[in-house]
Amino acid sequence: MRLHEEAGGKLFPDTNKARDVLNALVAEATRAGVTIAANSRVAGIDRSANGFRIAINAGDITAARVVLATGGRSLPKSGSDGAGFDLARRLGHTIVPTTPGLVPLLLDGERDAMHRELSGVAHEAELTLWIDDAVDIRLTGSLLWTHFGISGPLTLNMSRHWLRGVLDSHRAALTMNFCPGLTFDDVERWWTARAAERPQASVSTQLSMRVPAPSPTRC
Ligand SMILES: Cc1cc2nc3c(=O)[nH]c(=O)nc-3n(C[C@H](O)[C@H](O)[C@H](O)COP(=O)(O)OP(=O)(O)OC[C@H]3O[C@@H](n4cnc5c(N)ncnc54)[C@H](O)[C@@H]3O)c2cc1C
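Quick rundown of the side chain of T128? Include the residues and the values.
Note that T128 resides in strand β7 (residues 122–131). For T128, the side chain forms a polar contact with the side chain of R138, separated by 3.0 Å. Aside from chain neighbours lying at most four places away, what touches T128 is V135, I137, R138, M158, A173, L174 and T175.

Go over the site of the ligand, please, and point to the residues and values.
The local shell around the ligand consists of S40, R41, V42, A69, T70, G71, S74, S78, G79 and S80. Within the side chain of R41, one N or O atom sits 3.4 Å away from a nitrogen atom of the ligand. Within the backbone of S78, an N or O atom sits 2.8 Å from an oxygen atom of the ligand. Protein chains bury 39% of the 1,000 Å² of accessible surface belonging to the ligand in isolation. Its residues assigned to classes, the shell around the ligand shows two nonpolar, seven polar and one charged.

Go over the pattern of salt bridges, please, and point to the residues and values.
Here the structure, examined in full by the defined rule, presents ten salt bridges. A salt bridge links D14 to R2; its shortest N-O distance comes to 3.6 Å. Taken together, the residues span a long stretch of sequence, with D14 in the loop between β2 (10–13) and α1 (18–31) and R2 in the segment before β1 (3–6) at a distance of twelve residues. Assessed through its relative accessible area of 39%, D14 is described here as partly exposed.

Now, about the nonpolar core: what can you tell me, with residues and values included?
Membership of the largest hydrophobic core is limited to twelve residues, which are L105, L118, V121, A125, L127, L129, I131, L143, W145, I150, L154 and M158. For this core, the secondary-structure elements that each account for two or more residues are β7, β8 (134–145) and α4 (152–167). Dropping the residues within four chain positions of it, L129 is found in contact with A134, V135, D136, I137, M158, H161, W162, A172, A173 and L174. Counting residues in hydrophobic clusters, the runner-up holds six residues, among them I45, I54, I56 and L91.

Tell me what's going on with helix α5 (residues 184–197), and back it up with residues and numbers.
End to end, α5 covers 20 Å across 14 residues, agreeing with the expected 20 Å (1.5 Å per residue, within 8%). Taken as a whole, α5 has its buried residues at V187, W190 and R194. Axial view of α5: buried residues confined to an arc of 55°, hence all on one face. Of the residues in α5, the exposed ones pointing more than 90 degrees away from the buried face are F184, R189, T192 and A196. Lining the buried residues of α5 we find α6 (203–207).

Describe the pairing of strand β3 (residues 42–48), listing the residues and the values that go with them.
Sheet topology places β3 next to strand β4 (residues 51–56); six bridges connect them, and they run antiparallel. The partner of D46 across the bridge, within β4, is R53. The hairpin formed by β3 and β4 contains two residues between the paired strands.

Explain the sheet that holds β3 residue by residue, including any values.
Read from one edge of the open sheet, three strands run β3-β4-β5, paired in antiparallel fashion. Strands at the two margins of the open sheet, each flanked by one partner only, are β3 and β5 (59–63). Strand-to-strand twist across the sheet, computed as the mean angle between neighbouring axes with direction ignored, equals 25°. Here β4 runs beside β5; their pairing, made up of five bridges, is antiparallel.

Rules used in this analysis
- Residues numbered from 1 in each chain as written.
- Predicted model: local features only at pLDDT ≥ 70, side-chain atom pairs only at ≥ 80, totals over all residues.
- Heavy atoms only, no water.
- Helix = DSSP H or I, 4+ residues; strand = E, 2+ residues; numbered from the N terminus.
- Polar contact = N/O pair within 3.5 Å; in protein donor to acceptor, adjacent residues only side chain to side chain.
- Contact = heavy atoms within 4.5 Å.
- Near = heavy atom within 4 Å.
- Areas by Shrake-Rupley, 256 points an atom, 1.4 Å probe, with all protein chains shown as cover.
- Nonpolar A, V, L, I, M, F, W, Y, C, P; charged D, E, K, R; others polar.
- Salt bridge = Lys/Arg side-chain N within 4 Å of Asp/Glu carboxyl O.
- Buried < 20%, exposed > 50% of the residue type's maximum accessible area, 1.4 Å probe, protein only.
- Core = buried A, V, L, I, M, F, W, Y, C linked by side-chain atoms within 4.5 Å.
- Expected span 1.5 Å × (residues − 1).
- Arc of directions from axis to C-beta.
- Pairing = 2+ DSSP bridges.
- Axes fitted to C-alpha atoms, helices over the stretch in contact; angles between N-to-C directions.

What follows is the structure, encoded as structure tokens:
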């Protein structure tokens, strides 16, 4: 299967079809001699003399080794409902509290409704996560404003760091740079240069060179 790499190091099949990924995995498993037991939910795993005894609905099976690949808990209807964490816990593994890993972030609609006015606008931005007043991580990418807050690849990538910081009871704050990679001084120099170059131009005209305008129907 021919692949291509997209922003952030993600690999996609050239056909852009999820089914081709599935077919490639099944073909490779078949080639390697794997027996696939569909519709066999694992109810429990116990250590046995020679490895493990695995309880499935059709009875017990034994295995010398077990690879637990039960996914997270983000899509229960697909079977990924967090049951795997219990299986691992019962085998003696330590499970750290889980958080969502790739989610949009809600903004406070009472205190600041700016995101509602910008809903639908996407632009490059830099998000900085501050934990206990120190920079924890900076990420750059495409950010999408929505009626509930912020989304887009940049926000999704940042969400796990933010949620982990909050979960660990740290003082967490996010700041956004609308001019990724530029410092306050860089931006100030840019504005000064624009003002000298086109002194009659309005602020919004100059600003439109850096960020997209909100939709006129929303403002
Ligand atoms: C809405 C959504 C969209 C996404 N879009 C993308 C995308 O575009 N690109 C991308 O790369 N990633 C995407 N992801 C992430 C991607 O789906 C996951 O990272 C990936 O599926 C994780 O693979 P996994 O094999 O670890 O777990 P899963 O794919 O969750 O597979 C775990 C499997 O274990 C089975 N299972 C669980 N418990 C048991 C049990 N007790 N007994 C037997 N079987 C069990 C489940 O039924 C499931 O089939 C998306 C995720 C979601 C929720």
